[in-house]
Amino acid sequence: MRVFGVDMTSAPGRRKPITVAAFRLDGVSLRFEAFEALTTLATFDEFLSRPGSWIAGLDFPFGQARRFIETIGWPGDWKGYVAHVARMDMRGFVAELEAYKAERPNGDRQHFRQVDRLCGGASPQTLHFTPVGRMFFRAAPALLRAGVHVPGLAEGDRSRICVEAYPGVIARHLIGRLSYKNDNRTRQTTGQAAARKAILDAVRGDIGAQSYGLAVEAPDWLADDPAGDMLDAALCAVQAAWAFQQGFQDSGPPGCDPLEGWIADPKILN
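Here we summarise the structure given alongside this text. Note that the structure is predicted; figures quoted are calculated from it, not measured.

1. Looking at the overall build of the protein
Link 1 in the chain: Summing up its helical and strand segments, the protein has 11 helices and 7 strands in all.
Link 2 in the chain: Expected size for 270 residues packed as a compact globule is a radius of gyration near 18 Å; at 18 Å, the protein falls within 12% of this value.
Link 3 in the chain: Overall, the protein is about 50 × 45 × 35 Å in size when its C-alpha atoms are taken along their principal axes.
Link 4 in the chain: The buried share of the protein, taken over its 270 residues, is 54%.
Link 5 in the chain: Carbon and sulfur atoms form 50% of the exposed surface of the protein, whose accessible area is close to 11,800 Å².
Link 6 in the chain: Within the protein, the 31 negative side-chain charges are centred at a point lying 4 Å from the centre of the 31 positive side-chain charges.

Right, here's the structure in full:
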């Protein structure tokens, strides 16, 4: 089985591409094969349309919070509200989210999915700092256009499976809130480099075997990227492979919210 891990960005380019890590899953062995840099959203669409069989773990929120969807009045199913978003441009999407926040009291402007609270992630409405809302706007409609199978959210081509991943879950479990990456060259440190190596070593060792049931084979240089994109993409692949091994590739885990989605990681789902 081919397994991909995808570190997403809402505005890919040569300096900050969408990073794809390709692995091969054979039993419990997950072996790294190659990296790929997608520098445009069009090449991301092409990636999603590649023939199967494969499963991909993608690092962006697939859905929005149930409270947000039901309050703003968007369609009440994942395909419906993602299709609604796909008819907007970025300016219109941002304006609608900002108008929603402006009319609400402090503390009730941005909503979290259940999985966001469990993993310490940002609200999928977030437009600044870590702009996961913009990633949702760019990437969720791409899943719908490609007709991939999104377990628990949307039926599609079951030879092309996409699950939501979040490498921060693995990193926080191993090193807490310590920094292990930075896009800004002036803020990249030797301490971050050591943290990336520690994360990679653990995933190839006890954490990979005990938490994910996988024997992960990956080269040391995955930890060399100071922006952390290569390491994050590899961690997304680990989470996708784990989801496949658990049998979640058809309908998702028991009890997953069909409006909000779920994140492929045992520390969240347990």
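2. What to know about the environment of E155
Link 1 in the chain: Secondary-structure assignment places E155 in the loop between β5 (148-149) and β6 (157-164).
Link 2 in the chain: As a C-alpha pair, E155 and K79 span 76 residues in sequence and 9.4 Å in three-dimensional space.
Link 3 in the chain: Each residue touching E155, except ones within four places of it in the same chain, is listed here: K79, V148 and H149.
Link 4 in the chain: Within the structure, the side chain of E155 is placed 2.6 Å from the side chain of R158, a separation counted as a polar contact.

3. Comments concerning the packing of aromatic side chains
Link 1 in the chain: Under the definition given, this model contains 15 aromatic pairs.
Link 2 in the chain: Seen in terms of ring centroids, F4 and W54 are 5.9 Å apart; in terms of plane orientation they differ by 75°. Their pairing is edge-to-face. On the criterion of sequence distance, the pair formed by F4 in strand β1 (residues 2-7) and W54 in strand β4 (residues 54-59) is long-range, its members being 50 residues apart. For the pair F4 and W54, a shared accessibility class is recorded, and that class is buried.

4. A look at helix α8 (residues 190-204)
Link 1 in the chain: Between its first and last C-alpha, α8 extends 21 Å over 15 residues, near the 21 Å set by a 1.5 Å rise per residue.
Link 2 in the chain: Residues Q192, A195, R196, I199, L200, A202 and V203 constitute the buried set of α8. The buried residues of α8 occupy an angular sector of 165° when projected down its axis, which confines them to one face. Turned more than 90 degrees away from the buried face of α8, the exposed residues are T190 and A194.
Link 3 in the chain: Among the structural elements, α7 (167-175), α9 (206-212), β7 (215-217) and α10 (229-245) are those in contact with the buried residues of α8.

5. As for the side chain of H111
Link 1 in the chain: Positionally, H111 belongs in the loop between α4 (90-102) and α5 (114-119).
Link 2 in the chain: A polar contact is formed between the side chain of H111 and the side chain of Y100, at a distance of 2.7 Å.
Link 3 in the chain: Not counting the four nearest positions on each side in its chain, H111 is found in contact with A65, R67, F68, Y100, R104, S123, P124 and Q125.

6. Brief notes about the sheet that holds β7
Link 1 in the chain: Taken together, the 7 strands give an open sheet; going across it, the order is β5-β6-β4-β1-β2-β3-β7, and neighbouring strands pair in mixed fashion. The sheet is open, and its two borders are formed by β5 and β7, each paired with just one other strand.
Link 2 in the chain: Of the pairings in the sheet, the one linking strand β3 (residues 29-38) to β7 comprises 3 bridges and is parallel in character. Along β7, the bridge assignment pairs R31 with E217.
Link 3 in the chain: Packing of α10 onto the sheet brings it into contact with β1, β2 (18-26), β3, β4, β6 and β7, and relative to β1 it is tilted by some 135°.

7. Structural notes on the pairing of β3
Link 1 in the chain: Bridging between β2 and β3 involves 9 bridges; their strand directions are antiparallel. Its bridge partner being in β3, V20 is matched across the sheet by E36.
Link 2 in the chain: Following β2, the chain reverses through 2 residues before pairing antiparallel with β3; G27 in that reversal takes a positive phi of roughly 65°.

8. Here we look at the nonpolar core
Link 1 in the chain: The biggest cluster of nonpolar side chains holds 45 residues, and the ones touching the most others in it are F44, L48, L58, F60, W74, F93 and L143.
Link 2 in the chain: Considering every element that reaches this core, the biggest residue donor is helix α6 (residues 132-146), with 9 residues.
Link 3 in the chain: Other than its neighbours up to four places away in sequence, F44 contacts V6, M8, I18, L38, L58, A139 and A142.
Link 4 in the chain: I161, I170, A171 and A218 belong to the second largest nonpolar core, which has 39 residues in total.

About the cut-offs
- Residues numbered from 1 in each chain as written.
- Predicted model: local features only at pLDDT ≥ 70, side-chain atom pairs only at ≥ 80, totals over all residues.
- Heavy atoms only, no water.
- Helix = DSSP H or I, 4+ residues; strand = E, 2+ residues; numbered from the N terminus.
- Rg over C-alpha atoms; globule rule 2.2 N^0.38 Å.
- Buried < 20%, exposed > 50% of the residue type's maximum accessible area, 1.4 Å probe, protein only.
- Areas by Shrake-Rupley, 256 points an atom, 1.4 Å probe, with all protein chains shown as cover.
- Lys, Arg positive; Asp, Glu negative; His and termini not counted.
- Charge placed at Lys NZ, Arg CZ, Asp CG, Glu CD.
- Contact = heavy atoms within 4.5 Å.
- Polar contact = N/O pair within 3.5 Å; in protein donor to acceptor, adjacent residues only side chain to side chain.
- Phe/Tyr/Trp six-rings, centres within 6.5 Å; stacked < 30°, edge-to-face > 60°.
- Expected span 1.5 Å × (residues − 1).
- Arc of directions from axis to C-beta.
- Pairing = 2+ DSSP bridges.
- Axes fitted to C-alpha atoms, helices over the stretch in contact; angles between N-to-C directions.
- Core = buried A, V, L, I, M, F, W, Y, C linked by side-chain atoms within 4.5 Å.

Bear in mind that shape data such as this cannot, by itself, settle questions of function.
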